[in-house]
Amino acid sequence: MTQEVLDPDVGSRVSGQAGETYGRFILSSRHNHFVSDGRASQGAPGEAIFAGELLLASLVSCGLGLVHASARERGEPKPEVKLTAQFLRDTDDPTRFASLTLTYKFNAVARELADIYVNHFTSKCPIYNTLKRGGPIEVIVQTG
């Protein structure tokens, strides 16, 4: 049975299955395949990227992509920017994040322009906005 191909502007699909090793998963999206592990503290290998890191990676990818899209729409050169995402688990309820922080570091970009780029991200990214509705998320902008 062939699955319907989704327009990436409308939806995405990732599927997965357990590998031969306990706690190792083979994930597929379109024609891309990658490995994800459970955490070592759960008895899994803990070597490949794990679920929480995949979530952070999706935020970083969306965050950088929308900054570049904003620059392109404005006719500006592609900004030199690094984005780091970090979460900390809630110690009282490990099923939630106590914090989720995104830190943009722009090089040779005026603060006003960096803010425009980041506002474009925070207003357009469905991953960010879905997470924002569910708990604390902070965006830090640094320029230099």
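Here the structure is a predicted model, which means the values were calculated and not measured.

Time to look at the packing of aromatic side chains. Throughout the structure, instances matching the rule amount to five aromatic pairs. Summarising the aromatic geometry, the rings of Tyr104 and Phe121 are spaced 6.0 Å apart at their centres and angled 65° between planes, so their arrangement reads as edge-to-face. Of this pair, Tyr104 sits in strand S5 (residues 97-107) while Phe121 sits in helix H2 (residues 111-124), placing them 17 residues apart in sequence. Note on accessibility: Tyr104 and Phe121 belong to one class, buried. When the centroid spacing of 5.2 Å and the interplanar angle of 55° are considered together, the rings of Phe121 and Tyr128 count as tilted. Its relative accessible area of 0% is what places Phe121 among the buried residues. The buried category is assigned to Tyr128, whose relative accessible area is 5%. The structure contains a cluster of three or more aromatic residues connected by ring pairs, namely Tyr104, Phe106, Tyr117, Phe121 and Tyr128.

As a further point, take the packing of H2 against helix H3 (residues 126-134). Two elements in contact, H2 and H3, have axes separated by 6 Å at closest approach and are oriented at 70°. The angle between the axes of H2 and H3 places the two elements in the roughly perpendicular class. The residues of H3 that touch H2, namely those facing Phe121, Thr122, Ser123 and Lys124, are Pro126, Tyr128 and Asn129. Here the residues of the contact of H2 with H3 are counted per class, giving three nonpolar, three polar and one charged.

Cut-offs and rules
- Position labels on residues start from 1 in each chain and follow its written sequence.
- Since the coordinates come from a predicted model, pLDDT governs what is reported: local features require at least 70, and pairs of side-chain atoms require 80 or more to be given and counted, while whole-chain, interface and lining totals use all residues.
- Excluding hydrogens and water, the side-chain figures rest on all heavy atoms present in the structure.
- Only rings of Phe, Tyr and Trp enter the pairing, Trp through its six-membered ring, and a pair is recorded when the two centres are within 6.5 Å. The plane angle decides the type: under 30 degrees is stacked, over 60 is edge-to-face, the rest tilted.
- For the purposes of this entry, the term helix denotes a DSSP run of H or I that reaches at least four residues, the term strand denotes a run of E that reaches at least two, and both are numbered from the N terminus.
- Here's how the labels work: a residue is buried when its accessible area is under 20% of the maximum for its type, exposed when over 50%, partly exposed in between, all with a 1.4 Å probe on protein chains only.
- Note on method: axes are straight lines fitted to C-alpha atoms, helices fitted across the in-contact stretch only, with angles between N-to-C directions ranging 0 to 180 degrees.
- Roughly parallel means an angle under 35 degrees; roughly antiparallel means over 145; roughly perpendicular covers 65 to 115; every other angle is labelled oblique.
- Note on definitions: a residue-residue contact is assigned when non-hydrogen atoms from the two residues lie within 4.5 Å.
- Here the term charged refers only to Asp, Glu, Lys and Arg, the term nonpolar to Ala, Val, Leu, Ile, Met, Phe, Trp, Tyr, Cys and Pro, and the term polar to all other amino acids, Gly among them.

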